[in-house]
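What follows is each chain in one-letter form.
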Amino acid sequence: MSTWANLGLQDSASPLMEQLIFFHDHALLILVMITVLVGYLMFMLFFNNYVNRFLLHGQLIEMIWTILPAIILLFIALPSLRLLYLLDEINEPSVTLKSIGHQWYWSYEYSDFNNIEFDSYMIPTNELSTDGFRLLDVDNRIVLPMNSQIRILVTAADVIHSWTIPALGVKVDGTPGRLNQTNFFINRPGLFYGQCSEICGANHSFMPIVIESVPVNYFIKWISSNNS
Ligand code: CUA
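Note on numbering: residues in each chain are counted from 1, in written sequence order. Residue-level local features of this predicted model are given only where pLDDT is at least 70; pairs of side-chain atoms are given and counted only at 80 or more, and the full residue set underlies all totals for whole chains, interfaces and linings. Only hydrogens and water are removed before side-chain values are computed, so all heavy atoms of the structure are retained for them.

Under an unreviewed UniProt entry, the name given to the protein chain is Cytochrome c oxidase subunit 2, and the organism recorded is Drosophila jambulina. The UniProt entry for the protein chain carries this comment under Sequence similarities (unreviewed entry): "Belongs to the cytochrome c oxidase subunit 2 family." Here is the UniProt Catalytic activity (unreviewed entry) comment for the protein chain, exactly as written: "4 Fe(II)-[cytochrome c] + O2 + 8 H(+)(in) = 4 Fe(III)-[cytochrome c] + 2 H2O + 4 H(+)(out)". UniProt positions are given in the numbering used here, feature names are shortened, and annotations may be inferred rather than shown by experiment.

S.K.: Explain the UniProt feature "transmembrane region" (unreviewed entry) in the protein chain to me, and be specific about the residues and the numbers.
M.R.: Within this structure's numbering, the places UniProt gives as "transmembrane region" (unreviewed entry) are residues 27–51 and 63–87. Taken end to end, residues 27–51 comprises 76% helix and 0% strand; its first and last C-alpha atoms sit 36 Å apart. Secondary structure elements follow DSSP: runs of H or I no shorter than four residues count as helices, runs of E no shorter than two count as strands, and numbering proceeds from the N terminus.

S.K.: Tell me about the sheet that holds strand S6 (residues 161–165), and please be specific about residues and values.
M.R.: Pairing within the open sheet is mixed, and its 5 strands lie in the order S4-S10-S9-S6-S7. Two strands bound the open sheet, and with one partner strand each, they are strand S4 (142–145) and strand S7 (170–174). Mean inter-strand twist for the sheet, computed between neighbouring axes without regard to direction, equals 25 degrees. Summarising the sheet, S6 and S7 pair through 5 bridges and their orientation is antiparallel. Criterion used throughout: strands pair if DSSP finds at least two bridges between them. Between N-to-C directions, angles span 0 to 180 degrees; the directions come from axes that are lines fitted to C-alpha atoms, helices contributing only their stretch in contact.

S.K.: Could you give an account of the pattern of salt bridges, with specific residues and numbers?
M.R.: Any carboxyl oxygen of Asp or Glu that lies within 4 Å of a side-chain nitrogen of Lys or Arg is treated as forming a salt bridge with it. All chains considered together, the criterion is met by 1 salt bridge. Put simply, Glu212 and Arg141 hold a salt bridge, and the shortest N to O gap is 3.2 Å. Taken together, the residues span a long stretch of sequence, with Glu212 in strand S10 (residues 209–214) and Arg141 in the loop between strand S3 (116–120) and S4 at a distance of 71 residues. Here Glu212 falls in the partly exposed class, since its relative accessible area comes to 25%. A simple rule labels every residue: compare its accessible area, found with a 1.4 Å probe on the protein chains alone, to the largest value its type can have, and call it buried under 20%, exposed over 50%, or partly exposed in between.

In structure tokens:
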């Protein structure tokens, strides 16, 4: 999760988020190079007193500064498209989790396992334990196995919500009457926090998401303890 002075992206907990961070850094590098070059040229113009009285056209330079930006854009567009298709790939998920957005909480269903279902509410500040995170912790966490392909199905019961976990690179809108699908692979154990990111009403800020990523045998224990 993000803590003080963490202004960039969170550390990735999935291969897709790792790729997203690589792409972000790549695009930022190109952006910085262009900004520095154009900034330098514009700054230097203030100190230039020379004027070329015979300059009417320059087809070569115009050809260069039209085609060069187009090529630079390709170097951003192609990796971006690669990521876009990679994010949509479903690779034989071993667990499917359904999350339903409500005003203002999430509810979850593990349809593979005897239909375990529960609501997940934010813990109000006055009921928070000393090690809890304000506006971020919930009463019932999602438990998911690490190192497994996980599919999530997202929908909503009232208005549009958005199921968003920054560390996993997941952001899917939950829309009433529709069922959206995405998948991820958590590559380390831990707690991963997220929040709703569609402006869904008065308590939009107060419907966080918490994933407890555990080894597979712990997950099986958790599933069987819920079945009995
Ligand atoms: Cu639900 Cu914002």
